[in-house]
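# Descriptive structure summary
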Amino acid sequence: MAVVQGRHLLVHLDRFATNEPVNGATVEVAADGEAVTAAPVPGDDGVYRLEAGWLSKPGAHDLTVSITAADASDLLIGSLEIPVTLAAGPVIGTGNGVADVLGRVRQDSGLLLGAAMVFLLGVLTTVALTQRGRTRTAAGAALIGLGLLLASGAAFAHGDEDHSQDNKGKAPAAAAPMAPTGASESPRRLPDGSLYVPKPSQRLLAVRTTVAKPQEAAQTVQLIGQIVADPNGGGHVQATQTGRIEPGDKGLPFVGQRVEAGQVLAYIAPAVTIIDRSGIQQQIATVEQELVIAESRVQRLRKLEGSVPQRDIEEAEANLNGLRRRRAALSPTLTTKEALRAPISGIVTANNVKVGQVVEGRDQVLFEIVDPARLMVEAVAFDPRVANTVHGATATTADGVTLTLEHLGHSLALRQQAIPLLFQINTPPQGLSVGQPVRIVAQIQGTMSGIVLPRQSVVRGPNGQPLVWEHESPQRFVARPVRMQPVDGNTVLVSAGIGPEARIVTDGAGLLNQVR
């Protein structure tokens, strides 16, 4: 695309398919027998500038543009129309003197109206000075009113003002060049709903496109699921007895802390009531009394060894050893602590205890640990055919993270009239949480035809209808309502709304959708 700026021609060079600026190319423009090579504009990607004498000549000029890049070359032929007002320049008083001024006045309706009102002002001034009576009074009043009108600037407009009210209801010329009057070159929505986005704005918004091509894709269905822990990658820590929580060597673990398998998380000091403690102490005292008697009997029998049967000695020693084991078993019941250890390596996701808390040996979960490298996705399907034909899937989180899933199987038992499905996450990214909802696109048997586009190409219109932006001309974009079906977490298949070879915006579609 070429833009005339005075005696300079700016050439914006892009790749047709992707709208990507082309740098480092050689651009040569020939017109009226003069060939000029454009120089790259520093700091602007894909912009080249040239200066030629024929740019100041009004009328149509046949152009031949030769482009040579590192990987391609092209030859373009076109026509450039330079209006008279643009070629004449903004300065009045050059050229043919009075004749030039009169020519400018005849061509500019604003100047023509201004000249007529100045002439009328002179006539009224003459009448007011030469006449008397009512004629003089009327002329004076008209003179004052005309002077106020001229002072307010509402009588006529000059070339630097907007005359859009005079052209209301008329479509702008498609190839009309921009006059050097400081007119707005910002993106805007045109009356027909399309967008006018100048090339500098396209560079700023990084607008990229792709050429639509019909393709075949697998049939898909959408499911709702959530992230769950792998049964082999998650663990619960529970108490086997009633007791009081005491911290481990490194204190109680906090949520988010990584622990290793076998690491002591906390201790449980047994909680023994006074009655139970008294009973245990009584048993210990009885065992110790019996132990003293058994030790004395063994010593006495050993002194009589040879005169007493050996069997009696062995029975006495066995009784003594049994009493010692009973005492060893009863003594720790009052002092031994139970160590709570991590069953797997992972991240602590729940901590339901505090130091000094009394817990019971029931189903209470004290700590929950999950291995973030072993996560799954659980979904439900109401159609049995979907559960039996799923062979691949992708999931997308609320913040746009795409997960690649492997279908593991489905349950044979219904859950609220739905079939649970289980998927394995291949290489889970960081930041996932158990219970986090995801949107699943599952591939089933069958194919569908359409145009495959990146998911970011599809945006929502004011009424919520999905649409894409087509790059119809260098600076014009048109919204096309479409009917689409997700293919996976990154692409969608458009089955209606656009045709083959259309240039569809991929990057920057969301920004274009916000232009008003």
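What you see is a predicted model, and the numbers here were worked out from it, not measured in a lab.

## Details of the overall build of the chain
On a plain count of helices and strands, the chain comes out with 9 helices and 30 strands. With 516 residues in all, the chain has 33% of them scored as buried. For the chain, the share of sequence-separated contacts (at least 6 apart) that also reach a separation of at least 24 residues comes to 68%. Carbon and sulfur atoms form 54% of the exposed surface of the chain, whose accessible area is close to 30000 Å².

## Quick word on empty space enclosed by the protein
Within the structure shown, the criterion is met by 1 cavity of 30 Å³ or more. Here the largest cavity defines a volume of roughly 40 Å³. Lining the largest cavity, in full, are K250, G251, L252, P253, Q257, Q263 and V264. The residue inventory of the lining of the largest cavity, partitioned by class, reads 3 nonpolar, 3 polar and 1 charged.

## Quick look at the sheet that holds strand β14 (residues 258-259)
What the 4 strands build is an open sheet, ordered β12-β19-β17-β14; its pairing is antiparallel. Looking at the sheet topology across the chains shown, the edges are occupied by β12 (234-237) and β14. As judged from the 4 bridges shared by strand β17 (residues 346-351) and strand β19 (residues 367-370), these two strands associate in the antiparallel manner. The partner of A350 across the bridge, within β19, is E368.

## Examining the sheet that holds strand β13 (residues 243-247)
What the 4 strands build is an open sheet, ordered β16-β15-β13-β18; its pairing is antiparallel. Two strands close off the open sheet at either side, each with one partner strand: β16 (338-341) and β18 (358-359).

## Quick look at the nonpolar core
The biggest cluster of nonpolar side chains holds 24 residues, and the ones touching the most others in it are V377, L405, F423 and I440. Contributions of two or more residues to this core are made by β11 (214-229), β20 (375-381), α8 (384-389), β21 (392-396), β22 (402-410), β23 (419-425) and β24 (437-454).

## Observations regarding unusual backbone geometry
In this structure, A206 is a non-glycine residue whose phi angle is positive, near 55 degrees. Structurally, A206 can be placed in the loop between α5 (199-205) and β10 (209-211). Note on A206: relative accessible area 34%, which makes it partly exposed. The backbone of E501 sits at a positive phi, close to 70 degrees, despite the residue not being glycine. For E501, a relative accessible area of 55% translates into the label exposed.

## Some words on the pattern of salt bridges
Applying the stated rule across the entire model yields 15 salt bridges. Here R15 and D71 are joined by a salt bridge, their closest N and O atoms 3.2 Å apart. Taken together, the residues span a long stretch of sequence, with R15 in the loop between β2 (8-12) and β3 (26-31) and D71 in the loop between β6 (59-68) and β7 (73-82) at a distance of 56 residues. Of the residues examined, D71 reaches a relative accessible area of 56% and is grouped as exposed. Taken together, the salt bridges that share partners define one network made up of D192, E470, E472, R476 and R480.

## Some details on the pairing of β2
In terms of burial, β2 is largely enclosed, as 4 of its 5 residues are buried. Hairpin connection of strand β1 (residues 2-5) to β2: 2 residues between the antiparallel strands, including G6 at a positive phi of 65 degrees. For β2 and strand β5 (residues 47-51), the ladder comprises 5 bridges, and the chain directions are antiparallel. By the bridge assignment, H12 is partnered in β5 with V47.

## Here's the deal with helix α7 (residues 310-330)
Helix length check: α7, at 21 residues, gives a terminal C-alpha distance of 31 Å against a target of 30 Å (1.5 Å per residue), a fit within 8%. I313, A316, L320, G322, L323 and L330 are the residues of α7 that are buried.

## Observations regarding the packing of aromatic side chains
Under the defined criterion, the tally for this structure stands at 0 aromatic pairs. Directly above the aromatic system of F16 lies the positively charged group of R503, at a separation of 4.1 Å from the ring centroid.

## Quick notes on the side chain of Q475
Residue position: Q475 is located in the loop between β26 (466-473) and β27 (476-481). Residue class for Q475 comes out buried when judged on its relative accessible area of 16%. Among the polar contacts made by the side chain of Q475, one reaches the main-chain amide nitrogen of K199 at a distance of 3.2 Å. Sequence-distant contacts of Q475, that is, excluding residues within four places in its chain, are made with M1, L195, Y196, V197, P198, K199 and Q202.

## Some points on the environment of G499
The topology assignment puts G499 in the loop between β29 (491-496) and β30 (503-505). If we skip the residues at most four places from it in the chain, G499 touches A212 and I451.

## Points about the pairing of β21
Within a regular beta strand, the side chains point alternately toward one face of the sheet and then the other, so they alternate between its two faces. The element β21 is extensively covered by neighbouring structure, given that 5 of its 5 residues are classed as buried. Side chains G392, T394 and T396 of β21 all project onto a buried face; the interleaved residues A393 and A395 project onto the opposite face, where all are buried too. In this sheet, β24 lies alongside β21 in antiparallel orientation, the contact comprising 5 bridges. Each bridged residue has a counterpart across the sheet, and for T396 the counterpart in β24 is R439. Across 4 bridges, β21 lies against β22 in antiparallel orientation. The residue bridging T394 from the neighbouring strand is T404, located in β22.

## Focus on the environment of K250
If you trace the backbone, K250 turns up in the loop between β13 and β14. Each C-alpha atom, one on K250 and one on V264, is 8.6 Å from the other, the two residues being 14 residues apart in sequence.

About the cut-offs
- Residues numbered from 1 in each chain as written.
- Predicted model: local features only at pLDDT ≥ 70, side-chain atom pairs only at ≥ 80, totals over all residues.
- Heavy atoms only, no water.
- Helix = DSSP H or I, 4+ residues; strand = E, 2+ residues; numbered from the N terminus.
- Buried < 20%, exposed > 50% of the residue type's maximum accessible area, 1.4 Å probe, protein only.
- Contact = heavy atoms within 4.5 Å.
- Areas by Shrake-Rupley, 256 points an atom, 1.4 Å probe, with all protein chains shown as cover.
- 1 Å grid on protein atoms, 1.4 Å probe; cavity = no way out; pocket = protein on both sides within 12 Å on 5 of 7 lines; lining within 4 Å.
- Points joined across faces, edges and corners; volume = space filled by probe spheres on them.
- Nonpolar A, V, L, I, M, F, W, Y, C, P; charged D, E, K, R; others polar.
- Pairing = 2+ DSSP bridges.
- Core = buried A, V, L, I, M, F, W, Y, C linked by side-chain atoms within 4.5 Å.
- Salt bridge = Lys/Arg side-chain N within 4 Å of Asp/Glu carboxyl O.
- Expected span 1.5 Å × (residues − 1).
- Phe/Tyr/Trp six-rings, centres within 6.5 Å; stacked < 30°, edge-to-face > 60°.
- Lys NZ or Arg CZ within 6 Å of the ring centre and 35° of its normal.
- Polar contact = N/O pair within 3.5 Å; in protein donor to acceptor, adjacent residues only side chain to side chain.

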